[in-house]
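# Chain and residue survey
Spelled out, the chains give:
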Amino acid sequence: MTDLLVLFRPRLLGFKNGSLSRSAGQRRIRRLLFALIGLAFWLGIFVIFYRVLHYFQGVEEFGDILARKLLSMVLLTFFSLLVFSGIITSLSKLYLSRDLTLIHSLPLSQGKIFLARWLESTLDSSWMVAVFSLPVFLSYGIVYDGGAFFYGTAALALIPLCLTASAVSALSVVVLAVLLPAGRVRTIIVFFGLLLVMGLILAFRLMQPERLVNPESFATLVLYLREMGTSGSPWLPTTWTFDSLHFALAGQQREALFHLVLA
């Protein structure tokens, strides 16, 4: 633990000394501006999800199914963002950072250096997704009366989701760095990231999400319920997170804790 604190100390001192520099005033103004923009975006997400969930709640028999499907799609989107952000951050921290020569010259084991860099990249790649996921969970808790247990489950479920995405990202970066130079890997990742965004948009349109609010497009009511009620793959971490949140929202604490432990 002491070695990890030594590796984290330069960053902590950077935050502390940043407020003492000559450009501290301009930096505060910049941070305040970005904070106001982020707050407006945060409130916008909350208002949109609150109105959508409130509308779903008014749809008889299908509202709860639509809300569960929306939560599953949101978690899958969050996980995709975490993986892509984690790949970029892990590549920068593990292979492209300027202080790597100094860090590896310290009398510390390679395992501790890698652990410290991985934890730092996990924090950098996850904090924004975690912050902007809060209005989504808050809207679900308010509309469906989730209570304190639901909010606690949501907070705990985010931790393994972020850690799993960061682990997958770091492993992918290590494998790619063995095959290709680190500088070229970054260019390839950015290119494939753009392709991934385009693929997600195309896949979203091919799924025809307008069918979610049009039960008449299905041959029978049973077929509609079967398609809407299908859960995700049990191999996906988002499925474990979704199950824990779903049972917590329904007030089934034992089932929620069971799936939370699985996550």
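See the structure printed just above.
Calculation rules
Residues numbered from 1 in each chain as written. Predicted model: local features only at pLDDT ≥ 70, side-chain atom pairs only at ≥ 80, totals over all residues. Heavy atoms only, no water. Phe/Tyr/Trp six-rings, centres within 6.5 Å; stacked < 30°, edge-to-face > 60°. Helix = DSSP H or I, 4+ residues; strand = E, 2+ residues; numbered from the N terminus. Buried < 20%, exposed > 50% of the residue type's maximum accessible area, 1.4 Å probe, protein only. Salt bridge = Lys/Arg side-chain N within 4 Å of Asp/Glu carboxyl O.

### Description of the packing of aromatic side chains
Geometrically, a pair of aromatic rings is defined through the distance of the ring centres and the angle of the planes. This model, assessed by the stated rule, comprises five aromatic pairs. Residues Phe46 and Tyr50 carry aromatic rings whose centres are separated by 5.9 Å and whose planes lie at 25° to one another, so their mutual orientation is stacked. With Phe46 and Tyr50 both in helix α2 (residues 24-57) and four residues apart, the pair spans about one turn of that helix. Note on Tyr50: relative accessible area 33%, which makes it partly exposed.

### What to know about the pattern of salt bridges
Applying the stated criterion across every chain yields a total of two salt bridges. Ionic pairing is found between Lys93 and Glu120, a salt bridge with its closest N-O pair at 3.1 Å. Taken as a pair, Lys93 in helix α3 (residues 63-96) and Glu120 in helix α5 (residues 110-143) lie far apart in primary sequence, 27 residues in all. Residue classification places Glu120 among the buried positions, given a relative accessible area of 12%. Between Lys93 and Asp124 there is a salt bridge, with the nearest N and O atoms lying 3.4 Å from each other. You can see Lys93 sitting in helix α3 and its partner Asp124 sitting in helix α5, a full 31 residues away along the chain. Look at Lys93 and you get buried, because its relative accessible area is 17%. Asp124 sits in the partly exposed class, given a relative accessible area of 22%. Bridged by salt links that share partners, the residues Lys93, Glu120 and Asp124 form one connected network.

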